[in-house]
Every structure is written in C-alpha cells, then in structure tokens.
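Residues per chain are reported as follows:
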Amino acid sequence: MHELAVTKSILKLALDHTARNGGTQILKIHLVIGEMRNLEEDWIQRYFDYIAKGTPAQGAVINVAKTPVVFACKTCGRSFSTDLHVDQKLVCIHCGSFEYDLVTGRELIVEKIEVC
Ligand SMILES: [Zn+2]
C-alpha cells in the first residue's frame, strides 16, 4: 500500500504550500500521475480524507490526471506506448528493438493546489 506514503507527502506539500502562501482551506489538489506508478486514485482520496482530518486540507478533493507510459526507441527513434497490464516482452512496436527510454509514465507531480 504505497498509496499511504504518497498521500502523506502530498498532504505535507499542500499544507506547506498553504502556510507559505496564505489561505485557510484547501479545496482541491490536482495531481499528475504516470500510469507506471500504479497508484489507485480511490485509495489516495480515501487515505487523504483520513489523514487530513483536523488540518486545513480536510475535505479537499483530489483530482488525478494520468499520463500514459510512453517509450522512445533508441534504435529507430520513434516513440511507442504499451499496455502494462498485458504480460509480454516489451519491444519497440516499430522495429522490435529492446533499446528504449521511458519518456513519460513515472510522473508524480502536484500540479496545482486550490485554496481559499
Ligand atoms: Zn524502434
């Protein structure tokens, strides 16, 4: 359950942000999460509701935008994405190469915090 650790750091960041910039209540937290992180949005919200009790973030809504997993092939230079839920050898769909870099899919970004 790594969602709990992630949620704790999101809460801390949100509270620090609010303390620095003023604001009494955190309304909404926008996250960008890569598919590869394998984080369940529902669990983040559930944990958040629990650990944010009694803080200015109590009742805040977590909004998650997922970014797809995209690789760039080192052999042919083209990019491709893949369905990670399918258990298969990962090769470039264009040329079959095993040489590639992850471009997106590992993000974990707090994009925006709405306070009032
Ligand atoms: Zn390729």
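Throughout what follows, the structure given in this document is the object of discussion. (Residues numbered from 1 in each chain as written. Predicted model: local features only at pLDDT ≥ 70, side-chain atom pairs only at ≥ 80, totals over all residues. Heavy atoms only, no water.)

A word on helix H2 (residues 41–51)
Those residues of H2 that fall on the buried side of the exposure criterion are Ile44, Tyr47 and Phe48. All buried residues of H2 fall inside an arc of 105° around its axis, so they share one side. Pointing more than 90 degrees away from the buried face of H2 are the exposed residues Asp42 and Tyr50. Of the surrounding secondary structure, the elements contacted by the buried residues of H2 are helix H1 (2–21), strand E1 (26–34) and strand E2 (61–67). (Buried < 20%, exposed > 50% of the residue type's maximum accessible area, 1.4 Å probe, protein only. Helix = DSSP H or I, 4+ residues; strand = E, 2+ residues; numbered from the N terminus. Arc of directions from axis to C-beta. Contact = heavy atoms within 4.5 Å.)

Concerning the coordination of the zinc ion
Coordination sphere of the zinc ion, protein contribution only: Cys73 (SG), Cys76 (SG), Cys92 (SG) and Cys95 (SG), at 2.3 Å. For the zinc ion, the four donor atoms in the first shell make angles of 106 to 114° at the metal, a pattern classed as tetrahedral. Coordination of the zinc ion draws on donor residues from a single chain, spaced C-x2-C-x15-C-x2-C in sequence. A relative accessible area of 2% places Cys92 in the buried class. (Donors = N, O, S within 2.8 Å, 3.2 Å for Na, K, Ca; no water. Tetrahedral: all angles 85-135°; square planar, octahedral: opposite > 155°, others 65-115°.)

Describing the sheet that holds E1
If you walk across this open sheet you meet the three strands as E2-E1-E6, and the pairing is mixed. The open sheet has two edge strands with one neighbour each: E2 and strand E6 (108–115). Averaged over all adjacent pairs, the angle separating strand axes in this sheet is 15°, with direction ignored. Taken together, the seven bridges between E1 and E6 define a ladder with antiparallel strand orientation. Within E6, the position partnered with His30 by the bridge is Lys112. Across the face of the sheet, H1 comes into contact with E1 and E6 while running at roughly 45° to E6. The strands that H2 touches are E1 and E2; relative to E2, the one it contacts most, it runs at about 155°. (Pairing = 2+ DSSP bridges. Axes fitted to C-alpha atoms, helices over the stretch in contact; angles between N-to-C directions.)

It is worth stressing that arrangement in space is one thing and function is another; only the former is reported here.
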